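The lines below spell out each chain.
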Amino acid sequence: MAHCVTCGNELHPERAEKYDYCTKRECREQNAKPLTVVSVGVNKAADQYLILNDRTKGDLAAGKYQDQRKSASVTGERFAPKRIPVARAAAKRVPRAVASPSPRPRPRQTWTRSQQDLAVIYNARGMSPEEIAGKLGLSRSTVTQMILAAKSPAKP
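Residues numbered from 1 in each chain as written. Predicted model: local features only at pLDDT ≥ 70, side-chain atom pairs only at ≥ 80, totals over all residues. Heavy atoms only, no water.

Engineer: Would you mind going over the overall build of the protein in detail, with residue names and values included?
Structural biologist: Of the regular secondary structure elements, the protein holds seven helices and two strands. Each helix (α) and strand (β) of the protein, taken in turn from the N terminus, gives the series α-α-β-β-α-α-α-α-α. When the 156 residues of the protein are sorted by exposure, 17% land in the buried category. Across the protein, contacts joining residues at least 24 apart in sequence account for 26% of those joining residues at least 6 apart. Within the structure as shown, the protein displays about 13200 Å² of accessible surface, and the carbon and sulfur contribution to it stands at 53%. (Helix = DSSP H or I, 4+ residues; strand = E, 2+ residues; numbered from the N terminus. Buried < 20%, exposed > 50% of the residue type's maximum accessible area, 1.4 Å probe, protein only. Contact = heavy atoms within 4.5 Å. Areas by Shrake-Rupley, 256 points an atom, 1.4 Å probe, with all protein chains shown as cover.)

Engineer: Give me helix H5 (residues 113–124): which residues, what numbers.
Structural biologist: When the terminal C-alpha atoms of H5 are compared, their 17 Å separation across twelve residues agrees well with the 16 Å that a helix rising 1.5 Å per residue should span. Of all the residues in H5, the buried ones are Gln115, Gln116, Ala119 and Tyr122. The buried side chains of H5 occupy one side of the element, clustering within an arc of 125° when seen end-on. Exposed side chains of H5 directed beyond 90 degrees from the buried face belong to Arg113 and Ala124. Close packing links the buried residues of H5 with helix H6 (129–136) and helix H7 (140–151). Downstream of H5 by one or two residues, Gly126 has phi in the positive range, about 100°. (Expected span 1.5 Å × (residues − 1). Arc of directions from axis to C-beta.)

Engineer: A description of the pattern of salt bridges should follow, citing residues and the corresponding values.
Structural biologist: The full count for this structure, using the stated rule, is three salt bridges. Put simply, Arg25 and Glu29 hold a salt bridge, and the shortest N to O gap is 3.1 Å. Residue Arg25 and its partner Glu29 are both found in helix H2 (residues 25–31); the two are separated by four residues, about one turn of the helix. Residue classification places Arg25 among the exposed positions, given a relative accessible area of 56%. Note on Glu29: relative accessible area 57%, which makes it exposed. Between Arg140 and Glu130 there is a salt bridge; the shortest N-O distance is 3.9 Å. You can see Arg140 sitting in helix H7 and its partner Glu130 sitting in helix H6, a full ten residues away along the chain. (Salt bridge = Lys/Arg side-chain N within 4 Å of Asp/Glu carboxyl O.)

Engineer: Any chance you could break down the packing of aromatic side chains for me, citing the residues and the numbers?
Structural biologist: Counted according to the given criterion, the structure contains one aromatic pair. Between Arg15 and the ring centre of Tyr19, over which it is positioned, the NZ or CZ distance is 4.2 Å. The ring of Tyr21 is capped by Arg15, whose NZ or CZ atom sits 5.1 Å from the centre of that ring. (Phe/Tyr/Trp six-rings, centres within 6.5 Å; stacked < 30°, edge-to-face > 60°. Lys NZ or Arg CZ within 6 Å of the ring centre and 35° of its normal.)

Engineer: Describe the side chain of Gln116, with residues and values.
Structural biologist: With respect to the helices and strands, the residue Gln116 is situated in helix H5. Apart from the residues lying within four places of it in its own chain, the contact partners of Gln116 are Trp111, Met146, Ala149 and Ala150.

Engineer: If you had to explain the packing of H5 against H7 to someone new, which residues and values would you point to?
Structural biologist: Across the interface, H5 lies against H7 with an axial gap of 9 Å and an inter-helix angle of 90°. On the basis of their axis angle, the class for H5 and H7 is roughly perpendicular. Each of Gln115, Gln116, Ala119, Val120 and Asn123 in H5 lies in contact with H7, whose residues at this interface are Met146, Ile147, Ala149, Ala150 and Lys151. Taken together, the residues of the contact of H5 with H7 break down into six nonpolar, three polar and one charged. (Axes fitted to C-alpha atoms, helices over the stretch in contact; angles between N-to-C directions. Parallel < 35°, antiparallel > 145°, perpendicular 65-115°, else oblique. Nonpolar A, V, L, I, M, F, W, Y, C, P; charged D, E, K, R; others polar.)

Engineer: Go over the pairing of strand S1 (residues 37–41), please, and point to the residues and values.
Structural biologist: Here S1 shows one buried face, formed by Val38 and Val40, and one open face, formed by Val37, Ser39 and Gly41. Inspection of the sheet shows S1 paired to strand S2 (residues 47–51) by five bridges, in the antiparallel sense. Across the sheet, Val37 pairs through a bridge with Ile51, a residue of S2. (Pairing = 2+ DSSP bridges.)

Rendered as structure tokens:
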């Protein structure tokens, strides 16, 4: 028969399977260890509560309970979205007339309006053209052209 480590009373066999102290208030206050409960925000509707143990600490450190789209600010890692191939317009070569001094035609845009909007937003946040190019799956020169085209006044 097991005995309480604090008062020495006999413990019920089922109680002795998990605890080495009895259910008296003094024994519980002296021997019970408090649990640390962590609130993990999983979605907007409700939080998930976990008992903080070694496994939970490892999961939190690994970023298991973070929104992968927003984890870069917390973990310091870069979020790499899936790259979607962009349909590029084939530029036609227009033969230049040697004798005519006509103005040079504007180059055709090889990006979409939404890509340009994203590039401008990323640029305003301080990202370099190389970083923006990596996110959008375009070349650095194309991103630079997009940013400059957005900042320049519209020509008729």
